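# Descriptive analysis of the structure
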Amino acid sequence: MHYRILFQVTVFVTLSLSILTPPTIFAHMDFMSRDIRTVLALTALFLIFLNYKRPSMTLFEWYVVFLVLMYYVVEIVEKKSSINNVLSFYIVIIISIFLYHILNQDNHSKYIYLNIWIYLGYFLSISVIMVFIIHQFTQFDTDYLNLEALMDYSNRNYRFSFFGVSQAKDYKYFSIARSSGFFPESQYAAFYFMINIMIGRFHYVRERYKKWSILNLFAGILTFSTMFYITIICYYSLVYISKINLNYRNLSLAFGFMITLLFISLNYNRTMNILMDILSYTSYSDRMNRITNSLNIISNSSSVDLFFGHGVSYTGGADRGLSIGLFHLLVERGLIGLLMVLSIMINFIQGNRIVYFIFVLYLMAFTWYVNYIYWFGLLALWSATEADECRYISLAP
């Protein structure tokens, strides 16, 4: 009983850490300083260690700790980044790995963690839906939390409410309130809901929380994130294809590819015009400029910089930045940093190629690997997988 209470407190503190740090809007509040977040992270780490039932670590955990220590030494010796920037990234990795360790100690811990994550998902999905309804269809000022005064968002077209924020997106004939709830940008919220949609497909979640998946799907749609629409189409297409017999699956893929290629070749000019019109409403051109900047930096890197990166916030002297997640990772952390992130993902996902594809796809969009909430979401996905496996074992004759 005492262990269960301790574990629940630990999960509550760690998930609170994910909410009070980037990319949520609470991290941008004036009083939410780096010192407060550091104290909260150390508290979470201390509570995680109190939950250890077995002191020994697995080979994979030692591998991650070794990479983190190696990177830390290189960062300090080469003076690539400030100590604060170095610690803020690696503490995310360390807490995620040690949280994975205590979740892996017994099955009951996975259920507790997954259930609390689902309750958080209810709160954040409903907030996005309410923000859209209020900001799209009314002019009510419902900023009862006074979020606008607490945060420095004066340079963005935000509307604030008790349920979070939205940004007005103007199209040719109408304007849409792109709801992001308690996330500052729609793509940050969209990826969170994409993770929850994937969690919702597991039997344990579907049977106990019947409306949870549809709420997260609806919330993701209301972010009006282009990346979310691309990803959700890819995800459901891959899920459908995975259920087809292997022989028919290969035939279907080949047939679909040929039809798509034939359609584009017969309507090339029209297709490209439509595509460019759609992309004009997105950040496509800006992203392409940032990719070009990243490739220029990588092509001129020394051996040390190629393997260990140039350090946090390095842009090569250009103003265009490196917002593309994959290239950002390569420039700042190098090839070994990319290997570390991908290997942790492989270990957490455990053979689910569709989930792995979605996480890598979003890595092309932004730097989610520096945020607690997405690593913790990956652990919730792993917990849902384990919960289903435990269910099948318990039902076995």
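Everything below is about the structure printed above this text.
What counts and how
- Residues numbered from 1 in each chain as written.
- Predicted model: local features only at pLDDT ≥ 70, side-chain atom pairs only at ≥ 80, totals over all residues.
- Heavy atoms only, no water.
- Helix = DSSP H or I, 4+ residues; strand = E, 2+ residues; numbered from the N terminus.
- Expected span 1.5 Å × (residues − 1).
- Buried < 20%, exposed > 50% of the residue type's maximum accessible area, 1.4 Å probe, protein only.
- Polar contact = N/O pair within 3.5 Å; in protein donor to acceptor, adjacent residues only side chain to side chain.
- Contact = heavy atoms within 4.5 Å.
- Axes fitted to C-alpha atoms, helices over the stretch in contact; angles between N-to-C directions.
- Parallel < 35°, antiparallel > 145°, perpendicular 65-115°, else oblique.
- Nonpolar A, V, L, I, M, F, W, Y, C, P; charged D, E, K, R; others polar.
- Phe/Tyr/Trp six-rings, centres within 6.5 Å; stacked < 30°, edge-to-face > 60°.
- Salt bridge = Lys/Arg side-chain N within 4 Å of Asp/Glu carboxyl O.
- Pairing = 2+ DSSP bridges.

## A short note on helix α10 (residues 226-242)
Count 3.6 residues to each turn of an α-helix, and residues three or four apart come out pointing the same way. In a regular helix each residue adds 1.5 Å, so 17 residues correspond to 24 Å; α10 covers 24 Å between its end C-alpha atoms and thus fits that length. Listing the buried residues of α10 in full gives M227, F228, T231, I232, Y235, V239 and I241.

## Digging into the side chain of S180
Relative to the helices and strands, S180 is located in strand β3 (residues 175-181). In terms of polar contacts, S180 uses its side chain to reach the backbone carbonyl oxygen of F183, at 2.7 Å. With sequence-adjacent residues up to four places away left out, S180 is seen in contact with V128, V165, S166, E185, S186 and A189.

## Quick notes on unusual backbone geometry
Here the amide bond leading from P22 into P23 is cis, since omega sits at 15°, within 30 degrees of zero. Relative to the elements of secondary structure, P23 occurs in the loop between α1 (2-19) and α2 (34-50). Phi at F224 is positive, roughly 55°, even though this residue is not glycine. In this fold, F224 is placed in the loop between α9 (212-222) and α10.

## As for the packing of helix α7 (residues 186-199) against helix α16 (residues 353-363)
Where α7 contacts α16, the axes come no closer than 11 Å and their chain directions differ by 175°. In terms of orientation, α7 and α16 fall into the roughly antiparallel class. Taken together, the residues of α16 that come into contact with α7 (itself represented by Q187, A190, F191, M194, I195 and M198) are V355, I358, F359 and Y362. By residue class, the composition of the contact of α7 with α16 is nine nonpolar, one polar and no charged.

## Some details on the packing of aromatic side chains
This model, assessed by the stated rule, comprises 32 aromatic pairs. Relative to F359, the ring of F191 has its centre 5.2 Å away and its plane inclined at 75°; by these criteria the two rings are edge-to-face. On the criterion of sequence distance, the pair formed by F191 in helix α7 and F359 in helix α16 is long-range, its members being 168 residues apart. Accessibility classification places F191 together with F359 in one group, the buried group. In this structure an aromatic cluster arises from ring pairing among Y100, Y188, F191, F348, F359, Y362, F366, W368, Y374, W375 and W382.

## Examining the pattern of salt bridges
Scanning the model with the defined rule gives one salt bridge in all. Between E207 and R208 there is a salt bridge; the shortest N-O distance is 3.7 Å.

## Notes on the sheet that holds strand β1 (residues 158-161)
The strand order across the open sheet built from three strands is β1-β2-β3, with neighbouring strands paired in antiparallel fashion. Only two strands of the sheet have a single partner each, and these edge strands are β1 and β3. Strand-to-strand twist across the sheet, computed as the mean angle between neighbouring axes with direction ignored, equals 30°. By the bridge criterion, six bridges tie strand β2 (residues 164-170) to β3 in an arrangement that is antiparallel. Bridge pairing in β3 links K169 to I176. Helix-sheet contacts for helix α5 (residues 107-137) involve β1, β2 and β3, and the interaxial angle to β3 is about 150°.

## Focus: the pairing of β1
The sheet contact formed by β1 and β2 spans four bridges and is antiparallel. Directly across from F160, in β2, lies its bridge partner V165. Once β1 ends, the chain turns through two residues before running back antiparallel as β2.

## Comments concerning the environment of M198
With respect to the helices and strands, the residue M198 is situated in helix α7. The exposure class of M198 is buried, given its relative accessible area of 2%. Sequence separation of M198 and Y236 is 38 residues, and the distance between their C-alpha atoms is 9.8 Å. In this structure, M198 is in contact with Y235, V355, I358, F359 and L381, ignoring residues within four places of it in sequence.

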